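# Commentary on secondary and tertiary structure
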Amino acid sequence: MTGPRPSALTTAVLDTHLHLWDPALLPYPWLEGELDRRFGPDEYRAAWAGASTPTASVFVQAECDPAHALDEVAWVASIAGDCGVRGIVAHAPLERGGRAGHDLDRLLAQPLVVGVRRSLQGEAAGFARLPDFVAGARLLAERGLPFDACVRPSQLPDVIALADAVPELAIVLDHLGKPDVGSARRPNDPRWSDWHRDLDELAQRASVHVKISGLPAQADGPWSVAQVEPFFDVALDAFGPERLLYGGDWPVSERTHPHRWLEAVGAWALDRLGAEGRDAVLSRNGEDFYFSATGRSLSPETPPSTSSTVPVVDPDSGLTR
């Protein structure tokens, strides 16, 4: 792909979907292959070598063992200044229902926490409709934190049901719901898919936003701009420009050349929306969603703690104390 470097795209870029992990520090049961190693500040800078990194990022929980959810927050906070992290979307066990309030309050005590993700993609259909999960989601909404929904396309109806059950909960759909984009040589046409139908239905809920993120990981082999742009267009038609958020999904997507994804999204947004709309997708929409909505600052006055204190796991809540 050719195109401008990220620095030429906009004066500021907020990456709303960054992962970091170190399996030597915390257990990540899902890691395998090339991803089963440390991806921290040094690796992040190396991946962006020769290109301008995003101005700021929101770290999204990386599915470490749930018992170490608060340990993950503490670790990311300790390295946040080294890779531009200004907010953290943390794991919380919303399925605990009323008991999840304790976990959420402990997360809220962490200055960088701006949202919660309880990944749903590995759960059975209907998990997000269970009474306890809905009760936990209501507690999240009461605390003013948004919810990241990570699902497979077949689970989009569950996100619709959650949005209807808790209309006051701000929800952002990760990775456009992970549609099957095919390959660069044989791209899928999203127009007549169940994914398209369900995404349109989800967009009728004003509380829901969507991340333009993660599609390289859904591609069968190397991806192309022509392959993914029709999926961007579906999201734009459904949600409008004001509810689209840029996310990089490093290192799961475009591990070695993350600037390619930023360039692709930026060039597409510029073509469809002009410079102002592009900048909103790449920065302002994400800032409004995670920071304005929570009342927390994109640029905290107090830098994250770099304490080396080892957190202690609370066996009841699954979070650290």
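Located above this text is the structure these notes cover.
All right, on to empty space enclosed by the protein then. Considering all chains together, one arrives at two cavities of 30 Å³ or more under this definition. A volume near 40 Å³ is recorded for the largest cavity. What lines the largest cavity is simply Asp-15, Trp-48, Tyr-246, Gly-248, Trp-250, Ser-253, Glu-254, Pro-258 and Trp-261. Looking at side-chain class alone, the lining of the largest cavity contains five nonpolar, two polar and two charged residues. Across the lining of the second largest cavity, the residue classes tally to five nonpolar, one polar and one charged.

At a minimum axis distance of 9 Å, the contact between helix H6 (residues 156-165) and helix H7 (residues 194-203) shows a crossing angle of 10°. As far as their axial angle goes, H7 and H6 are roughly parallel. Each of Leu-156, Pro-157, Val-159 and Ile-160 in H6 lies in contact with H7, whose residues at this interface are Trp-195, Asp-198, Leu-199, Glu-201 and Leu-202. Of the residues in the contact of H6 with H7, the class split is seven nonpolar, no polar and two charged.

The next thing to look at is unusual backbone geometry. The omega torsion of the bond from Trp-250 to Pro-251 falls at 0°, within 30 degrees of zero and hence cis. Along the chain, Pro-251 turns up in the loop between strand S8 (244-246) and helix H10 (259-292). Although it is not a glycine, Glu-63 sits at a positive phi angle of roughly 60°. Of note, Glu-63 is situated in the loop between strand S2 (56-60) and helix H3 (69-79).

We now examine the pattern of salt bridges. Pairing between side chains becomes possible if they bear opposite charge and their charged atoms approach one another. In this structure the tally under the stated criterion is 22 salt bridges. The partner of Arg-45 in a salt bridge is Asp-42, and the shortest N-O contact between them spans 2.6 Å. Of this pair, Arg-45 and Asp-42 both sit in helix H2 (residues 41-47), three residues apart, which is roughly one turn of the helix. For Arg-260, the salt bridge identified is with Glu-254, shortest N-O distance 2.8 Å. You can call Glu-254 buried: its relative accessible area is 13%.

Considering only enclosed or pocket space, the second largest pocket measures out at about 400 Å³ in volume. Taken together, 20 residues line the second largest pocket, and the ones lying closest to its centre are Trp-30, Glu-63, Gln-121, Cys-150 and Lys-178. Looking at the lining of the second largest pocket residue by residue, the class counts come to five nonpolar, nine polar and six charged.

Turning our attention to the packing of aromatic side chains. Ring pairs (aromatic) are described by centroid distance and by the angle formed between their planes. The tally for this structure, following the rule as stated, stands at 13 aromatic pairs. Ring centres of Trp-21 and Tyr-28 lie 6.4 Å apart, and the angle between their planes is 45°; on these two criteria the pair is classed as tilted. Both residues of the pair, Trp-21 and Tyr-28, belong to the buried class. Aromatic side chains Trp-21 and Phe-39 sit 5.5 Å apart centroid to centroid with 75° between the ring planes, which places their arrangement in the edge-to-face category. Of the two residues, Trp-21 is situated in the loop between strand S1 (14-18) and H2 and Phe-39 in the loop between S1 and H2; the sequence distance between them amounts to 18 residues.

Now for the pairing of strand S3 (residues 85-90). With respect to burial, S3 is a largely interior element, five of its six residues being buried. Both S2 and S3 contribute to a ladder of four bridges, which runs parallel. Bridge pairing in S3 places Val-58 opposite Gly-87. Where the polypeptide runs from S2 across H3 and back to S3, its parallel neighbour, the crossover connection is right-handed. Where S3 and strand S4 (residues 113-117) come together, three bridges link them in parallel fashion. When the sheet's bridge partners are listed, Ile-88 is paired in S4 with Val-113. On the question of chirality, the crossover connecting S3 to the parallel S4 by way of helix H4 (residues 100-108) is right-handed.

Calculation notes
- Residues numbered from 1 in each chain as written.
- Predicted model: local features only at pLDDT ≥ 70, side-chain atom pairs only at ≥ 80, totals over all residues.
- Heavy atoms only, no water.
- 1 Å grid on protein atoms, 1.4 Å probe; cavity = no way out; pocket = protein on both sides within 12 Å on 5 of 7 lines; lining within 4 Å.
- Points joined across faces, edges and corners; volume = space filled by probe spheres on them.
- Nonpolar A, V, L, I, M, F, W, Y, C, P; charged D, E, K, R; others polar.
- Axes fitted to C-alpha atoms, helices over the stretch in contact; angles between N-to-C directions.
- Helix = DSSP H or I, 4+ residues; strand = E, 2+ residues; numbered from the N terminus.
- Parallel < 35°, antiparallel > 145°, perpendicular 65-115°, else oblique.
- Contact = heavy atoms within 4.5 Å.
- Salt bridge = Lys/Arg side-chain N within 4 Å of Asp/Glu carboxyl O.
- Buried < 20%, exposed > 50% of the residue type's maximum accessible area, 1.4 Å probe, protein only.
- Phe/Tyr/Trp six-rings, centres within 6.5 Å; stacked < 30°, edge-to-face > 60°.
- Pairing = 2+ DSSP bridges.
- Right-handed = clockwise from strand over helix to strand, strands pointing away.

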